[in-house]
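Here are the chains, one letter per residue:
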Amino acid sequence: MKRFLSLWYALLVYTNVSAQEITALKDVRPVAGKPFQVSYDAAGGPLAAAERVSGIAVFYVGEQKARTLVFQMKKQKARWEGAIRVPDSTLLVYLVFTDGQQKVMDNRDGKGYLLPVYSKGRPVQYAYATMALLIDGGPPDPYGLKKDQDRALQFMKQEMYSHPESEASLRQRFYNMLANSPGRDDKADLVKRLTALKSDKESDLMMAQLYLSFLGTKQQADSLDKLLETRFPDGEYVKQKKSRKQQPREDHKPIEKKAVDTLQLITELKKNMLKEPVGEMVLKNINGEPVVLGGAGMKGKVMVIDFWATWCGPCVRSFPAMQKVMDKYKDNPNVKFFYICTMEEGDALKTVKDYLSKNPLPFNILMDEKTSDMNLYKAFTHYKGGRGIPYKLVIDGDGNIRFRTLGFSGDDGLLEAELSAMINLSL
């Protein structure tokens with residue numbers, strides 16, 4: 001039997017209470033600062049035989065939990081009834097239902113009962129964006145809400161439909177979702193938005209230039225390149241462009257090592273472990289030989305994947321620490337390291353071979369490939385990159401992404417400790 005959740009919202013006017021029964025989840029409309037009555041039908045679900053039912057309400061203001069409330073429910077014929085008050089400034093109400101001891105839970109099969117807050121008949125600004133960011137990534141949810149990037153993008157699109165003005169403040173997150181989407185229409189939408197972007201901020205124009213380059217729209221990317229050089233001759237874009245032309249190792253300055261609290265590090269990493277299944281794929285190494293990542297051949301083996309490019313200073317500066325981690329696991333056949341060179345301009349293979357002739361690296365280097373679909377990069381897209389490099393992943397023996405990191409702080413000791421802990425937790 002299909003489960004239904006019915007909710008009422010009550011608007012207090014002086015001493016009188018008027019209520020409207022809403023029977024479809026999509027039509028439920030909680031209001032900030034107002035009482036909210038919950039009616040839950042457990043038939044056909046995990047709590048069908050429960051003798052007691054409690055509700056858990058998590059109130060969100062943006063990505064931050066404002067408050068978590070556990071409330072008791074009473075049996076009224078075929079339903080369980082309860083009441084809460086939605087705190088002021090709330091954007092999202094996330095409901096979960098449990099038995100009396102919180103051993104059995106109904107979270108709508110991992111989708112959660114996510115209810116955007118309404119005002120004057122429409123969802124408040126950032127309500128749907130909060131829903132999107134909640135399921136797009138981040139640490140695991142204590143109540144089992146599943147991460148779902150496709151669903152997150154749909155929520156973010158709903159935010160833009162309801163509140164077009166939200167795009168200015170959510171541009172980076174929204175554009176990243178569009179860039180990572182496998183849908184061609186989403187990438188076309190991103191190009192349209194980027195080419196129509198009107199901004200005097202260097203950061204906005206740099207972001208647009210980066211995405212347009214990533215999407216293979218050379219003419220628009222080149223136009224923004226010239227605009228940035230002309231308008232901001234001493235800006236960050238010009239500085240980064242100059243640094244890419246230099247040998248990445250020449251300006252490397254040792255970072256003072258800081259003591260790493262291993263126990264605290266492991267505790268934090270455990271909280272943030274992912275479990276995202278990822279399929280196998282095939283890339284070629286620099287000798288043109290095919291290499292299979294994932295699948296049956298990697299069953300039981302942990303894969304460490306490092307996306308890099310010859311022009312990426314932080315990527316290359318992280319290599320000494322990566323070498324130390326490799327040395328730790330050189331005798332463990334169940335830990336494999338792969339270095340995928342991506343986003344190289346021109347003849348990528350020649351560029352990499354020329355680089356290696358001057359800077360020999362004892363790594364298993366694979367070459368990413370441009371796709372025919374808007375010139376995206378095959379592996380970078382497959383492993384849901386999109387926000388830059390260096391980009392590292394740790395994948396367990398069952399083919400699940402357990403950790404991902406972006407960037408490099410310059411602290412070799414921290415990277416060595418962090419990545420080693422990630423590998424150990426994934427084994």
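Because the structure is predicted, anything quoted here is derived from the model rather than measured. For every chain, the first residue of the written sequence is number 1, and numbering continues from 1 onward in sequence order. Totals for whole chains, interfaces and linings use every residue, but because this is a predicted model, local features are given only for residues with pLDDT of at least 70 and side-chain atom pairs only at 80 or more, for both listing and counting. Values shown for side chains rest on all heavy atoms present in the structure; no hydrogens or waters enter the calculation.

Draft legend 1. Structural view of the overall build of the protein. Across its full length, the protein holds 13 helices and 20 strands. Per-residue accessibility, obtained with a 1.4 Å probe over protein chains only, is compared with the maximum for each type, and a residue is labelled buried under 20%, exposed over 50%, and partly exposed between these values. Looking at the 427 residues of the protein, the share that counts as buried comes to 48%. Pairs at least 24 apart in sequence give 65% of the contacts found in the protein among residues at least 6 apart. Residue-level accessible areas treat just the shown protein chains as cover; the underlying method is Shrake-Rupley with a 1.4 Å probe. Accessible surface, the protein as shown: approximately 22200 Å² in total, 50% of it carbon and sulfur. Secondary structure counts use DSSP, requiring at least four H or I residues in a row for a helix and at least two E residues in a row for a strand, with both numbered from the N terminus. Whether two residues are in contact is decided by their heavy atoms: any pair within 4.5 Å suffices.

Draft legend 2. Seen up close, unusual backbone geometry. If you check the backbone angles, arginine 108 has positive phi at about 60° while not being a glycine. With respect to the secondary-structure elements, arginine 108 resides in the loop between strand S9 (105-106) and strand S10 (113-116). Here arginine 108 falls in the partly exposed class, since its relative accessible area comes to 29%. A positive phi is found at lysine 120, a non-glycine position, where the angle reads about 55°. With respect to the element layout, lysine 120 can be found in the loop between strand S11 (118-119) and strand S12 (122-123). Judged by its relative accessible area of 87%, lysine 120 is exposed.

Draft legend 3. Spatial organisation of the nonpolar core. Judged by nonpolar contacts, the single largest core of 105 residues is most densely connected at Leu293, Ile305, Phe307 and Tyr383. Setting aside chain neighbours within four positions, we find phenylalanine 307 in contact with Cys315, Ile340, Thr342, Asp368, Ala379, Phe380, Tyr383, Ile389, Pro390, Tyr391 and Leu393. Side-chain atoms within 4.5 Å link the members of a nonpolar core, which is a set of buried Ala, Val, Leu, Ile, Met, Phe, Trp, Tyr and Cys residues.

Draft legend 4. Main features of the state of the cysteines. Any two cysteine sulfur atoms within 2.5 Å of one another count as a disulfide. In this structure the tally under the stated criterion is one disulfide. As a non-bridged cysteine, cysteine 341 has cysteine 315 as the owner of its nearest cysteine sulfur, 8.9 Å distant. When its relative accessible area of 2% is taken as the criterion, cysteine 341 is described as buried.

Draft legend 5. Highlighting helix H4 (residues 184-195). Expected helix span is taken as 1.5 Å per residue step, with the number of steps being one fewer than the number of residues. Along its twelve residues, H4 runs 17 Å from first to last C-alpha, staying within 8% of the 16 Å computed at 1.5 Å per residue. Those residues of H4 lying buried are Asp186, Lys187, Leu190, Val191 and Leu194. Along the long axis of H4, the arc covered by the buried residues comes to 140°, so they all point the same way. Exposed side of H4, more than 90 degrees from the buried face: Arg184, Asp185 and Lys192 are the residues found there. In this fold, the buried residues of H4 make contact with helix H2 (149-162), helix H3 (167-180), helix H5 (202-214) and helix H6 (218-231). This arc describes the spread of directions from the helix axis toward the C-beta atoms.

Draft legend 6. Looking closely at the packing of H5 against H6. Between H5 and H6, whose axes approach to 8 Å, the crossing angle comes to 155°. Judged by the angle between their axes, H5 and H6 are roughly antiparallel. The hand of the H5/H6 crossing is left-handed. Residues Glu202, Leu205, Met206, Ala208, Gln209, Leu212 and Ser213 of H5 form the contact with H6, whose participating residues are Gln220, Ala221, Leu224, Asp225, Leu227, Leu228 and Arg231. Gly falls in the polar group here, along with every residue not listed as nonpolar (Ala, Val, Leu, Ile, Met, Phe, Trp, Tyr, Cys, Pro) or charged (Asp, Glu, Lys, Arg). By residue class, the composition of the contact of H5 with H6 is eight nonpolar, three polar and three charged. Axis definition: a line fitted to C-alpha atoms, limited for helices to the stretch in contact. Angles are taken between N-to-C directions and run from 0 to 180 degrees. Should an angle fall under 35 degrees it is taken as roughly parallel, and over 145 as roughly antiparallel, whereas 65 to 115 is taken as roughly perpendicular and any remaining angle as oblique. It is the rotation of the near helix from the far one that decides the hand of a crossing: anticlockwise by less than a right angle makes it left-handed, clockwise makes it right-handed.

Draft legend 7. Broad picture of the pairing of strand S8 (residues 92-99). Taken across its eight residues, S8 has eight buried, putting it largely inside the fold. Should DSSP find at least two bridges between two strands, the strands are regarded as paired. Bridge count between S8 and S10: four bridges; the pairing is antiparallel. Paired with leucine 95 across the two strands is tyrosine 113, which belongs to S10. Of the strand pairs in this sheet, S8 and S9 are connected by two bridges, and their pairing is antiparallel. For phenylalanine 97, the partnering residue across the bridge sits in S9 and is aspartate 106. Linking S8 to S9, which pair antiparallel, is a turn of five residues; within it glutamine 102 sits at a positive phi near 60°.

Draft legend 8. Up close: the pairing of strand S20 (residues 400-406). Summarising burial for S20: five of the seven residues are buried, a large majority. The pairing of strand S13 (residues 276-277) with S20 spans two bridges and is classified as antiparallel. Counted as the bridge partner of proline 277 is asparagine 400 from S20. Of the pairings in the sheet, the one linking strand S19 (residues 391-395) to S20 comprises five bridges and is antiparallel in character. Bridge pairing links leucine 393 to arginine 404 in S20. The turn joining S19 and S20, which pair antiparallel and follow one another in sequence, is formed by four residues; a positive phi near 80° is taken by glycine 399.

Interpretation in functional terms is not warranted from these geometric data alone.
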